[in-house]
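Coordinates in review
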Amino acid sequence: MLPVGKMCASNTGPSAGMVSGAETFAYYEDEGVSGRMAQYVPTKAQHVLDRLRGGLIASCQPVDDGPMDQPEIVAAMAQAAIAGGAAGVRIEGVENVRAVRRMVDAPIIGIVKTDHDTTPVRITVCVDDVRALIEAGADIVAYDATDRPRQDGRDTVLAAILSNGGLAMADCASAADGMHAIANGAAIIGTTLSGYTLDTEGPDKAPDLDLVRSFAGMGGFVMAEGRFDTPELAATAILAGADAVTVGSVLTRLEVVTGRFSHAISVAYRRTPLAGFAIDLGGTKTAAARVEAGRIAQYEQRPTNGDAGPAGQYEQIEDLLQVVGYSAGDMLGVSVTGRVDAMGRWHAVNQSTLRNIMSVPLANDLARRIGPVTVVNDASAATLAEHRLGAGRGHENFAYITVSTGVGGGLVLGGALHQSPDGIAGHLGFASSQYATALCGSGRVGTVESVASGRAIAEMARVAGHGGMDARAVFEAAAGGAPWAEDIVQMSAAAIAELCGNLVSMLGITRIAIGGSVGLADGYIGRVKRELNTMPEFFRADVVAAELRGDGPLLGALLSAQ
Ligand code: ADP
Ligand code: BMX
């Protein structure tokens, strides 16, 4: 740990005693572990940090000069946030800090925001503000810790916080800011200003998890802050090494949150019918579409190059978009085979499908190269489209399975697409199957994908002595009565039926739509249903063909973008 205890143990400034309601906890002014007792006795500073560690800090900052910008309302927000489980609050303005201190026992991070003609620096710029915040009851004072020039330099402000008995939180934009702050005695380093300085700003920035990770290696108390606006992103920040997460606008700026909903609703209202551009990058083909009035007005496809790295894939996407008439700024959704995490990074799960796609910053790269874009897994996109527009309509618990190059999927649970921050949720093809024994390109042995997918079908044909045939050719051979081909196709369908039964038993799925060129091939769903009919009635899922056929990943990508 950084020398927080040492730094603040000697500080018995005006904030001593304000940190806690003494009835809820006690803190100690001595230096921690002492003598033979070997007992953890926290200093005041440590105690404040201990209270925040592993917790949410609610930044209760109303919109400036809005109807909620009043100290009593800020204090009520802070109380409500603590009632909801927040470990601490971040409060702007001296009067607001004073009002909150009267009502709230939890640690307060205080700031003063002021606008200056000479500098873009806004957060606790003046030494006078530091004194006033601590006097009003802030335990921690946050300040702009970037190296941008301003009236009282960052080190002067930091020194003022320390000399007035406060704990300092450095609002940083870079790893260098964090190092500098720690070296000078800041207790907390936050990612607050990443995305808000000339060097870091950009359109539609995702939260800066990379900065969280680099802070985590510095030995200080790490605060993730800035655009962590869903519970999943906040949890991801903790997994990336943050000690606590500060969340603001989405909790306390009613105008902002209301605006998000009203925008989404008005877009949805206008979007009937859907319009824009979409990409579906699958293991075998990459398709682009111009969508007008809810229909695919223009469509173009090319083979996917599984050996291409990001640059090759981007060039293909750009070429295809040009063909279908996209221009920068048009609504664009991109769906891809492979895992897409909450940061918009793209990872092949089955590395024999995409051999050079590992942790690719897809969302950022495409935004830079092409324009505003939403990226999503191909099967998740199709799930969304089938649920909203196709075979899943009206089903609260719905699954989509694509049997294509791989076996992908998606789950709608309780009416919402089920997703995980790492993007793996819904990858149904990597469940295991009693029919499978082969090593899957995911590294797992015996997956559904390794026995049921188009690639698996071609591979099983090769092993049976019929090399050079793709899945379509194997289906044709089966239709022509070749017993070896019939066995392969049947085994694929049996593995998918087994997966459907599992989805019913595990999740109570009431409808399953099957898509992908293998899944939609003649007779395939009939085979799946016949296999299901061999199971006890309760496990016989309601299996249907995807209504949107091959358009699901394209329409779903566009739906995700709106
Ligand atoms: P992607 O995986 O790129 O999204 P598809 O859904 O078209 O694309 O799936 C590709 C797989 O489907 C390949 O393995 C291909 O051999 C197989 N396939 C394509 N057409 C047929 C068909 N008519 N019958 C059976 N398999 C097919
Ligand atoms: C694989 C996996 C999924 C994908 C599914 C269907 C990779 C590269 N892909 O299970 O992410 O959704 O295939 O994709 O790991 P397709 O290529 O068969 O359309």
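Refer to the structure above for everything that follows.
A short tour of the structure in this document, coming up.

Here is what the cut-offs are and how they apply
Residues numbered from 1 in each chain as written. Chains lettered and ligands numbered in written order. Predicted model: local features only at pLDDT ≥ 70, side-chain atom pairs only at ≥ 80, totals over all residues. Heavy atoms only, no water. Near = heavy atom within 4 Å. Polar contact = N/O pair within 3.5 Å; in protein donor to acceptor, adjacent residues only side chain to side chain. Areas by Shrake-Rupley, 256 points an atom, 1.4 Å probe, with all protein chains shown as cover. Helix = DSSP H or I, 4+ residues; strand = E, 2+ residues; numbered from the N terminus. Nonpolar A, V, L, I, M, F, W, Y, C, P; charged D, E, K, R; others polar. Pairing = 2+ DSSP bridges. Axes fitted to C-alpha atoms, helices over the stretch in contact; angles between N-to-C directions. Contact = heavy atoms within 4.5 Å. Core = buried A, V, L, I, M, F, W, Y, C linked by side-chain atoms within 4.5 Å. Buried < 20%, exposed > 50% of the residue type's maximum accessible area, 1.4 Å probe, protein only.

Focus on the site of ligand 2
Taken together, 20 residues lie near ligand 2, and Gly338, Asp378, Ser404, His427 and Glu449 sit nearest. In this structure, Ser404 approaches ligand 2 through a side-chain N or O atom, which is 2.6 Å from an oxygen atom. Burial of ligand 2 by the protein amounts to 96% of the accessible area it has alone, namely 450 Å². Those elements giving two or more residues to the shell around ligand 2 turn out to be α14 (378-389) and β17 (407-413). The residue inventory of the shell around ligand 2, partitioned by class, reads five nonpolar, 13 polar and two charged.

Some details on the sheet that holds strand β5 (residues 167-171)
Here we have eight strands rolled up into a closed barrel, ordered β1-β2-β3-β4-β5-β6-β7-β8, and parallel in their pairing. Across the sheet, the mean angle separating the axes of adjacent strands is 25 degrees when strand polarity is ignored. Relative to strand β4 (residues 140-144), strand β3 (residues 108-111) runs parallel, the two being bridged by two bridges. If you follow Gly110 over to β4, its bridge partner there is Val141. Packed onto the sheet, helix α2 (residues 44-52) meets β1 (56-59), β2 (88-92), β4, β5, β6 (188-190), β7 (221-225) and β8 (244-247) and runs at close to 50 degrees relative to β5. Strands β6 and β7 of the sheet are contacted by helix α8 (residues 209-216), whose axis makes an angle of about 175 degrees with β7.

Quick look at the nonpolar core
Counting 54 residues, the largest nonpolar core has Cys60, Ile91, Val100, Tyr143, Ala170 and Phe228 as its most contacted members. Ignoring sequence-local partners within four residues, the contact set of Val100 consists of Val74, Ala75, Ala78, Val89, Ile91 and Ile108. Within the second largest apolar cluster, 42 residues are counted, among which are Val403, Val474, Cys500 and Ile512.

Considering the site of ligand 1
Neighbouring ligand 1 are 15 residues; Thr284, Lys285, Ser404, Thr405 and Ser517 lie closest to it. Measuring from an oxygen atom of ligand 1, one finds a backbone N or O atom of Lys285 at 2.9 Å. Here Ala471 contributes a backbone N or O atom positioned 3.4 Å from an oxygen atom of ligand 1. Here ligand 1 loses 83% of its free accessible area of 570 Å² to cover by the protein chains. Among the elements that take part in the shell around ligand 1, helix α17 (residues 471-479) stands out by supplying three residues, more than any other. Among the residues making up the shell around ligand 1, the classes are represented as four nonpolar, eight polar and three charged.

Looking at unusual backbone geometry
The phi torsion at Thr124 lies on the positive side, around 45 degrees, for a residue other than glycine. Among the structural elements, Thr124 can be located in the loop between β3 and α5 (127-136). Of note, the phi angle at Arg549 is positive, near 50 degrees, even though the residue is not glycine. Take Arg549: it is sitting in the loop between β20 (543-545) and α20 (552-561). Judged by its relative accessible area of 43%, Arg549 falls in the partly exposed class.

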